[in-house]
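Descriptive analysis of the structure
Each chain, letter by letter, is given below.
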Amino acid sequence: MRPPKLPVKSLDILGKPFAVEDATAVLELEDGTLGKCAHAKCFIMLNLSQNRAQLRDTLLHEAFHAIYSEMGLCEDIPEALEETIIRRLATGALNLLRANPKLVDFLMEKQ
Ligand SMILES: [Zn+2]
(Lines give C-alpha, C1' and ligand atoms only; values in the text may rest on other atoms or scores of the structure.)
Protein backbone atom coordinates (compact mmCIF):
# COMPACT_ATOMS: atom_id res chain seq x y z
CA MET A 1 0.00 0.00 0.00
CA ARG A 2 1.22 3.46 -0.88
CA PRO A 3 1.59 5.75 2.13
CA PRO A 4 -0.92 8.60 2.28
CA LYS A 5 0.01 12.09 1.20
CA LEU A 6 0.21 14.91 3.67
CA PRO A 7 -3.50 15.83 4.03
CA VAL A 8 -2.94 19.51 4.88
CA LYS A 9 0.14 21.73 5.01
CA SER A 10 -1.06 23.98 7.80
CA LEU A 11 -3.85 24.41 10.34
CA ASP A 12 -5.22 27.55 11.91
CA ILE A 13 -5.40 26.66 15.60
CA LEU A 14 -6.94 29.39 17.71
CA GLY A 15 -5.69 31.98 15.26
CA LYS A 16 -2.14 30.65 15.03
CA PRO A 17 -0.79 29.02 11.87
CA PHE A 18 0.56 25.55 12.66
CA ALA A 19 2.73 23.96 9.97
CA VAL A 20 1.95 20.29 9.30
CA GLU A 21 4.99 18.38 8.08
CA ASP A 22 5.92 14.92 6.88
CA ALA A 23 8.29 13.69 9.60
CA THR A 24 8.01 10.01 8.73
CA ALA A 25 11.76 9.32 8.72
CA VAL A 26 12.36 11.02 12.08
CA LEU A 27 9.32 9.50 13.80
CA GLU A 28 10.11 6.00 12.51
CA LEU A 29 13.45 6.28 14.28
CA GLU A 30 11.55 7.13 17.47
CA ASP A 31 9.78 3.76 17.81
CA GLY A 32 7.28 4.52 15.04
CA THR A 33 5.60 7.41 16.80
CA LEU A 34 2.53 8.40 14.73
CA GLY A 35 2.70 12.13 15.31
CA LYS A 36 3.96 14.92 17.50
CA CYS A 37 2.91 18.46 18.28
CA ALA A 38 5.57 21.05 19.05
CA HIS A 39 3.00 23.59 20.17
CA ALA A 40 5.48 26.28 21.26
CA LYS A 41 6.97 26.18 17.75
CA CYS A 42 3.55 25.88 16.10
CA PHE A 43 4.16 22.74 14.17
CA ILE A 44 2.78 19.25 13.89
CA MET A 45 4.84 16.31 12.67
CA LEU A 46 3.13 13.34 11.04
CA ASN A 47 4.32 9.82 10.33
CA LEU A 48 2.85 9.05 6.91
CA SER A 49 3.48 5.30 7.19
CA GLN A 50 0.05 4.92 8.84
CA ASN A 51 -3.11 4.35 6.81
CA ARG A 52 -5.46 7.24 6.03
CA ALA A 53 -8.02 6.37 8.71
CA GLN A 54 -5.33 6.33 11.40
CA LEU A 55 -3.79 9.48 9.94
CA ARG A 56 -7.09 11.36 10.46
CA ASP A 57 -7.10 10.30 14.10
CA THR A 58 -3.44 11.26 14.53
CA LEU A 59 -3.79 14.69 12.94
CA LEU A 60 -6.83 15.56 15.04
CA HIS A 61 -5.05 14.16 18.10
CA GLU A 62 -2.04 16.43 17.54
CA ALA A 63 -4.32 19.42 16.87
CA PHE A 64 -6.06 18.70 20.19
CA HIS A 65 -2.64 18.76 21.91
CA ALA A 66 -2.14 22.25 20.47
CA ILE A 67 -5.59 23.38 21.65
CA TYR A 68 -4.97 21.82 25.06
CA SER A 69 -1.75 23.80 25.47
CA GLU A 70 -3.06 27.02 23.94
CA MET A 71 -6.09 26.95 26.23
CA GLY A 72 -3.83 26.49 29.27
CA LEU A 73 -5.19 23.12 30.30
CA CYS A 74 -1.66 21.88 30.95
CA GLU A 75 -1.52 24.42 33.79
CA ASP A 76 -4.73 23.13 35.41
CA ILE A 77 -4.60 19.36 34.86
CA PRO A 78 -1.82 16.99 35.97
CA GLU A 79 0.53 16.26 33.05
CA ALA A 80 0.04 12.51 33.44
CA LEU A 81 -3.59 12.89 32.35
CA GLU A 82 -2.96 14.85 29.14
CA GLU A 83 -2.39 11.87 26.86
CA THR A 84 -5.46 9.92 27.97
CA ILE A 85 -7.68 13.03 27.80
CA ILE A 86 -6.44 13.94 24.31
CA ARG A 87 -6.68 10.36 23.02
CA ARG A 88 -10.27 9.92 24.12
CA LEU A 89 -11.55 13.40 23.16
CA ALA A 90 -9.86 13.50 19.75
CA THR A 91 -11.02 10.01 18.77
CA GLY A 92 -14.50 10.78 20.12
CA ALA A 93 -14.70 14.09 18.26
CA LEU A 94 -13.49 12.51 15.01
CA ASN A 95 -16.12 9.80 15.24
CA LEU A 96 -18.84 12.34 16.12
CA LEU A 97 -18.00 14.49 13.09
CA ARG A 98 -17.66 11.57 10.65
CA ALA A 99 -20.91 9.96 11.83
CA ASN A 100 -22.85 13.23 11.57
CA PRO A 101 -22.06 15.11 8.37
CA LYS A 102 -25.18 17.30 8.86
CA LEU A 103 -23.73 18.43 12.18
CA VAL A 104 -20.54 19.44 10.32
CA ASP A 105 -22.63 21.39 7.77
CA PHE A 106 -24.50 23.12 10.61
CA LEU A 107 -21.27 23.99 12.44
CA MET A 108 -19.80 25.41 9.23
CA GLU A 109 -22.73 27.72 8.44
CA LYS A 110 -21.62 31.33 7.95
CA GLN A 111 -24.55 32.82 9.90
ZN1 LIG B 1 -0.67 12.55 22.23
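What you see is a predicted model; the values in this text were computed from it and never measured. (Residues numbered from 1 in each chain as written. Predicted model: local features only at pLDDT ≥ 70, side-chain atom pairs only at ≥ 80, totals over all residues.)

With that settled, consider the overall build of the chain. When its secondary structure is counted, the chain shows five helices and four strands. Its helices and strands taken in sequence order, the chain reads β-β-α-β-β-α-α-α-α from the N to the C terminus. Relative to its length of 111 residues, the chain is compact, with a C-alpha radius of gyration of 15 Å against a globular reference of 13 Å. Its C-alpha atoms give the chain principal-axis dimensions of about 45 × 35 × 25 Å. Going through the 111 residues of the chain one by one, you find that 20% of them count as buried. (Helix = DSSP H or I, 4+ residues; strand = E, 2+ residues; numbered from the N terminus. Rg over C-alpha atoms; globule rule 2.2 N^0.38 Å. Buried ≥ 20, exposed ≤ 12 C-beta atoms within 10 Å, placed from the backbone.)

Residues G35 and C37 of strand β3 (residues 35–38) are buried on one face, while the alternating residues K36 and A38, pointing to the opposite face, are not. Strand direction decides the pairing type here: β3 and strand β4 (residues 43–46), joined by four bridges, are antiparallel. Paired with A38 across the two strands is F43, which belongs to β4. Taken together, β3 and the strand that follows it, β4, pair antiparallel across an intervening segment of four residues, in which C42 is found at a positive phi of about 55°. (Pairing = 2+ DSSP bridges.)

Next up on the list: the sheet that holds β3. If you trace the four strands from one edge of the open sheet to the other, you get β1-β2-β4-β3, paired in mixed fashion. Bordering the open sheet on either side are β1 (10–13) and β3, each of which pairs with just one other strand. Strand after strand, the sheet turns through a mean of 20° between neighbouring axes, direction not considered. Alignment of β1 against strand β2 (residues 16–22), held across four bridges, turns out to be antiparallel. What sits directly across from D12, in β2, is P17. (Axes fitted to C-alpha atoms, helices over the stretch in contact; angles between N-to-C directions.)

The terminal C-alpha atoms of helix α2 (residues 52–70), which comprises 19 residues, lie 27 Å apart, in line with the 27 Å expected from a rise of 1.5 Å per residue. All of the buried residues in α2 are L55, T58, L59, H61, E62, A63, F64, H65 and A66. For α2, the elements touching its buried residues are β1, β2, β3, β4 and α4 (79–99). (Expected span 1.5 Å × (residues − 1). Contact = placed C-beta atoms within 7 Å.)

Before going further, it helps to spend a moment on the packing of α2 against α4. Running from amino to carboxyl end, α2 crosses α4 at an angle of 125°, the nearest separation of the two axes being 9 Å. The angle between α2 and α4 places the two elements in the oblique class. Two packed elements cross with a definite hand, and for α2 against α4 that hand is right-handed. Where α2 approaches α4, its residues R56, D57, L60, H61, F64, H65 and Y68 are matched on the opposing element by E82, I86, R87, L89, A90, T91, A93 and L94. In the contact of α2 with α4, the residues fall into eight nonpolar, three polar and four charged. (Parallel < 35°, antiparallel > 145°, perpendicular 65-115°, else oblique. Left-handed = near helix turned anticlockwise from the far one by under 90°. Nonpolar A, V, L, I, M, F, W, Y, C, P; charged D, E, K, R; others polar.)

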